[in-house]
Amino acid sequence: MRSSTTPTIPREDIHLISGEAPWPAAFAFFEVWMMEVSAMGAVGCPEAVGGILVEGRKSIYGISIGLILEEQKPGELLSLLSKRERERERKRKRRDLYIFLNSAMASPLSKKQKLDAPASDQSPLPHANGDRVPRQRARDEAGEEEQGLVALVEHRVKEVEAIKTKLAHYQSMLEEAEKKLGESKAKLNLLQSRNRNQNQSNSTSNIKSRPQQVTAAKPVKSNIPSSSTPVKSKATVAVTEKRKQEKQPKRKIEEKEHQDLIPSVKRSSKPIALEFGSTVIISSQHKRKLRCLELCPTNDNLFVTSALDGLINFWQLNAKIPSASLLSTTDCLSPNQRRWPEDIAWHPAGDTIIAVYSGDPGDSQISILDLNQSGQKRVSFLEAKPHSKGLINSVAFSPWENDICFLTGGSSDHSVVLWREEGDDNLSYRHKLVHCNLHSSAVMGVSALRHKKIVLSVGADKRIIGFDVLAGRSDFKHQIEYKCMSVLPNPCDFNLYLVQSGAPGQQLGLYDVRLRRTEIHSFGWKQDSSDSQSALINQSWSPDGWHVSSGTADPKIHIFDIRYQGRGPSQSVQAHQKRVFKAMWHQSLPVLSSISSDLNVGLHKIY
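The protein goes by Transducin/WD40 repeat-like superfamily protein in an unreviewed UniProt entry, where it is assigned to Rhynchospora pubera.

Here it is, written out as structure tokens:
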């Protein structure tokens with residue numbers, strides 16, 4: 001039976017345990033009250049507790065006071081509350097951890113997005129004890145992640161840069177490989193051509209194998225009369241006119257076919273030497289230094305020489321002895337300044353000779369020597385003066401079929417001019433400027449390729465230029481280390497041409513027009529450093545295209561076999577007493593003619 005003296009909690013103190021006051025104050029009051037109940041020996045007061053529960057509407061730590069007073073003794077109440085409190089604490093920690101993990105895993109933002117988001121948008125992480133993680137800790141963690149990502153970005157940037165560097169390197173390697181592939185294909189074509197022409201390359205191709213057909217010397221005085229003959233009789237004039245009307249047949253210009261000689265260039269370890277016989281030296285009948293030597297393209301027994309005295313001498317060759325006789329002499333000095341011809345070229349038809357002078361104002365630039373005329377009518381000067389100033393160093397006829405024209409190369413104006421024939425008299429020409437700004441110095445030599453409308457020009461500016469006449473632009477340009485003196489295409493291989501330069505010991509270079517700027521062989525003669533390469537020294541191709549003859553500062557004629565791997569001459573011929581200017585091969589006769597500064601003409605027999 002319960003005591004009626006059970007103490008009750010004062011109503012004014014009910015709020016202390018009703019949940020409206022902070023938990024420590026309520027717990028302290030409840031503990032004091034329970035001690036009072038225990039001291040009175042009572043188990044509890046359900047009525048009072050029930051009133052507290054009804055008014056308070058809350059329990060202490062979720063434990064019903066009524067149950068505590070009815071079922072628990074006062075001494076066991078504190079231990080029960082402590083145990084329940086620890087269990088609640090463990091559950092709360094597990095709940096807080098569960099909430100934290102769920103919030104972290106359910107977040108849609110990636111690490112990078114979290115770093116990019118502003119700090120104000122990031123919710124603070126919950127702490128284990130129910131409080132929020134301090135913002136400083138969150139910022140530290142975010143800073144560590146940011147540093148890691150910054151380092152990763154730097155690594156990726158370096159990786160991209162390395163890949164770009166490798167890409168550029170491989171791109172350059174690709175271009176170089178494509179270039180080498182093109183060169184290899186060209187060499188393969190040359191090798192295949194050499195195999196196809198192996199029989200021809202193994203043959204000696206010696207000049208002595210050519211038939212030595214020496215035509216009887218016809219009296220040329222009627223066709224090429226001497227300028228010293230003042231008056232002709234009526235009978236002589238009648239005979240001359242009759243022969244003109246009859247048009248005695250001339251040797252037809254041979255249209256040579258292309259022969260592939262380039263595959264055999266620089267392939268032989270031993271040169272093929274030519275056998276020279278007797279040498280005959282005759283006076284040139286010039287009073288000043290010799291300048292030019294040209295062979296008639298239609299009659300191999302005729303050749304001409306010119307000198308600084310302004311005279312052009314006509315010679316007839318007797319190949320059996322050998323010997324030569326002077327047929328006539330023509331004065332070709334310019335009318336105003338009385339200049340001598342700088343260079344001459346024989347017309348492919350064999351009836352006229354072109355001579356070039358100077359581009360300076362007040363004088364003629366081009367003269368035509370008509371072999372069908374006599375006296376003062378024999379030489380005529382063109383009125384056109386396309387060159388502006390300086391000497392005209394070179395003149396050459398083009399080998400183009402059905403297009404008779406010649407080329408001139410200027411000195412100070414750096415120009416190349418093409419003169420095309422008009423009419424049937426071989427005396428009328430109209431000129432066209434090929435180019436005037438591709439060379440930066442004097443144009444020393446001009447020529448043309450046979451199978452293409454390409455004009456070759458070389459100059460003192462060390463440039464080799466191929467100009468496409470049909471396209472109106474340069475086809476290729478090449479710069480070498482020394483100034484160029486002359487250019488000479490091969491008579492058999494239309495892709496091969498020779499360039500003379502001032503390189504000591506390698507004055508002559510061979511080029512393949514298909515390889516553009518590639519020199520396939522070079523050779524020359526010993527030259528002291530004090531000696532300067534003279535522009536008056538010229539070269540000539542043998543009729544078969546295998547040998548080159550060249551004048552030198554020595555009294556010798558140097559012969560070069562282009563198949564020989566060596567750099568020096570394959571043989572040298574003692575010819576004159578002073579330097580040799582030029583030595584030319586006769587096309588159908590086994591004779592090599594030369595001119596020298598000793599004022600003599602040399603005739604050299606070949607067996």
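J.: Just checking my understanding: could you explain the overall build of the protein for this structure?
T.: Each helix and strand in the protein was counted, giving 9 helices and 28 strands. Taking all 607 residues of the protein together, 43% fall into the buried category. For the protein, restricting intrachain contacts to residue pairs at least 6 apart in sequence, the fraction spanning at least 24 positions comes to 54%.

J.: When you look at the packing of aromatic side chains in this model, what are you seeing that I'm missing?
T.: Each aromatic ring pair is specified by the distance between its two centres and by the angle formed by the two planes. Evaluated as defined, the whole model comprises 9 aromatic pairs. Arranged with centres 6.1 Å apart and planes meeting at 5 degrees, the rings of F303 and W315 form a pair that is stacked. Separated by 12 residues along the polypeptide, F303 in strand 3 (residues 302-307) and W315 in strand 4 (residues 311-318) bring together distant segments of the chain. Relative accessible area serves as the criterion here: at 0%, F303 is assigned to the buried category. Given a relative accessible area of 3%, W315 falls into the buried group. Through successive ring pairs, a cluster of aromatic residues spans F397, F406, W419 and Y429. Here the basic side chain of R339 rests over the ring of W340, its NZ or CZ set 5.6 Å away from the ring centre. Taking NZ or CZ as reference, K453 lies 5.1 Å from the ring centre of W400, over its face.

J.: What's the story with the environment of V395 in this structure? I'm lost.
T.: Inspection of the secondary structure puts V395 in strand 10 (residues 392-397). When the C-alpha atoms of V395 and E342 are compared, they prove to be 9.0 Å apart, with 53 residues separating the residues in sequence. If near-sequence neighbours (up to four positions away) are discounted, V395 is found in contact with D343, I344, A345, I354, V356, F406, L407, T408 and V446.

J.: Help me out: how do you make sense of a positive patch on the surface in this one?
T.: A contiguous patch of positive charge on the surface is contributed by K83, R84, R86, R88, R90, K91 and R94. Among the secondary structure elements, K91 is positioned in helix 5 (residues 77-105). Classification of K91 by relative accessible area gives partly exposed; the value is 46%.

J.: Just checking my understanding: could you explain the sheet that holds strand 14 (residues 443-448) for this structure?
T.: Each strand in a sheet pairs with another by means of backbone hydrogen bonds, the pair being arranged parallel or else antiparallel. An order of 14-15-16-17 is seen for the 4 strands of this open sheet, with the pairing classed as antiparallel. Two strands in the sheet have a free side with no partner beyond their single neighbour: strand 14 and strand 17 (473-479). Between one strand axis and the next, the sheet turns through 15 degrees on average, direction left out of account. Alignment of strand 15 (residues 454-459) against strand 16 (residues 463-468), held across 5 bridges, turns out to be antiparallel. For V455, the partnering residue across the bridge sits in strand 16 and is F467.

J.: Can you walk me through a negative patch on the surface in this structure?
T.: Together, E175, E176, E178 and E183 give the surface a local cluster of negative charge. Checked against the element boundaries, E176 lands in helix 7 (residues 135-196).

J.: What is the right way to read the sheet that holds strand 28 (residues 600-606) from this model?
T.: The strand order across the open sheet formed by 4 strands is 1-28-27-26, and the pairing between neighbours is antiparallel. Only two strands of the sheet have a single partner each, and these edge strands are strand 1 (276-283) and strand 26 (580-585). Averaged over all pairs of adjacent strands, the angle between their axes in this sheet comes to 20 degrees, without regard to strand direction. The pairing of strand 1 with strand 28 spans 6 bridges and is antiparallel. Paired with S283 across the strands is N600, a residue of strand 28.

J.: Help me out: how do you make sense of the nonpolar core in this one?
T.: Buried together is how nonpolar side chains tend to be arranged in soluble globular proteins. In this structure, F303, L317, A324, I595 and V601 are the most contacted members of the largest nonpolar core, which totals 17 residues. Elements represented by at least two residues in this core include exactly strand 2 (290-295), strand 3, strand 4, strand 26, strand 27 (591-596) and strand 28. By residue number, the principal contributor to this core is strand 2, which donates 3 residues.

J.: I'm lost on unusual backbone geometry in this one. Help?
T.: The step from I321 to P322 runs through a cis peptide bond, and the omega angle for that step is -10 degrees. At R516, a position not held by glycine, the phi torsion is positive, near 60 degrees. Position of R516 relative to the elements: it lies in the loop between strand 20 (508-512) and strand 21 (519-523).

J.: It is not clear to me how the pairing of strand 4 should be interpreted in this structure. Could you clarify?
T.: The side chains of a regular strand alternate, residue by residue, between the two faces of the sheet. Among the 8 residues in strand 4, 6 count as buried, and that is most of the element. Hairpin connection of strand 3 to strand 4: 3 residues between the antiparallel strands, including G310 at a positive phi of 85 degrees. Adjacent in sequence and paired antiparallel, strand 4 and strand 5 (residues 323-331) are bridged by 4 residues.

J.: Teacher, can you tell me more about the confidence of the model for the protein here?
T.: Should pLDDT be low for a region, the predicted coordinates there are not to be read in detail. In the predicted model, the protein carries a mean pLDDT of 77, and the fraction of residues at 70 or more is 70%. A low-confidence stretch, residues 108-130 stays under pLDDT 50, and its non-local contacts, those more than four residues away or across chains, total 31 contacts. Every residue in residues 201-253 scores below 50 in pLDDT, and together they form 82 contacts with partners more than four places removed in sequence or on other chains.

J.: Would you mind going over the pattern of salt bridges with me for this structure?
T.: Think of it this way: side chains of opposite charge can pair up when their charged atoms draw near. Summed over the entire model, instances satisfying the criterion amount to 13 salt bridges. Taking the shortest distance from any N to any O, the salt bridge between E159 and R156 comes out at 3.1 Å. Of this pair, E159 and R156 both sit in helix 7, 3 residues apart, which is roughly one turn of the helix. Looking at E159, the relative accessible area reads 35%, which means it is partly exposed. By relative accessible area, which is 45% here, R156 ends up partly exposed. The partner of R291 in a salt bridge is E342, and the shortest N-O contact between them spans 2.7 Å. A residue pair is termed long-range when its members are at least 10 positions apart, and R291 in strand 2 and E342 in the loop between strand 5 and strand 6 (343-346) qualify at 51 residues.

J.: Mind showing me how you'd approach the side chain of E421 here?
T.: Relative to the assigned elements, E421 resides in strand 12 (residues 416-422). One buried charged residue, E421, remains without a salt bridge, the closest side chain of opposite sign being R420 at 9.3 Å. Among the polar contacts listed, one links the side chain of E421 to the side chain of H347, at a separation of 3.1 Å.

Conventions used here
- Residues numbered from 1 in each chain as written.
- Predicted model: local features only at pLDDT ≥ 70, side-chain atom pairs only at ≥ 80, totals over all residues.
- Heavy atoms only, no water.
- Helix = DSSP H or I, 4+ residues; strand = E, 2+ residues; numbered from the N terminus.
- Buried < 20%, exposed > 50% of the residue type's maximum accessible area, 1.4 Å probe, protein only.
- Contact = heavy atoms within 4.5 Å.
- Phe/Tyr/Trp six-rings, centres within 6.5 Å; stacked < 30°, edge-to-face > 60°.
- Lys NZ or Arg CZ within 6 Å of the ring centre and 35° of its normal.
- Patch = residues over 30% accessible without salt bridge, like charges linked within 9 Å, V, L, I, M, F, W, Y side chains within 5 Å.
- Areas by Shrake-Rupley, 256 points an atom, 1.4 Å probe, with all protein chains shown as cover.
- Salt bridge = Lys/Arg side-chain N within 4 Å of Asp/Glu carboxyl O.
- Lys, Arg positive; Asp, Glu negative; His and termini not counted.
- Charge placed at Lys NZ, Arg CZ, Asp CG, Glu CD.
- Pairing = 2+ DSSP bridges.
- Axes fitted to C-alpha atoms, helices over the stretch in contact; angles between N-to-C directions.
- Core = buried A, V, L, I, M, F, W, Y, C linked by side-chain atoms within 4.5 Å.
- pLDDT = per-residue confidence, 0-100.
- Polar contact = N/O pair within 3.5 Å; in protein donor to acceptor, adjacent residues only side chain to side chain.

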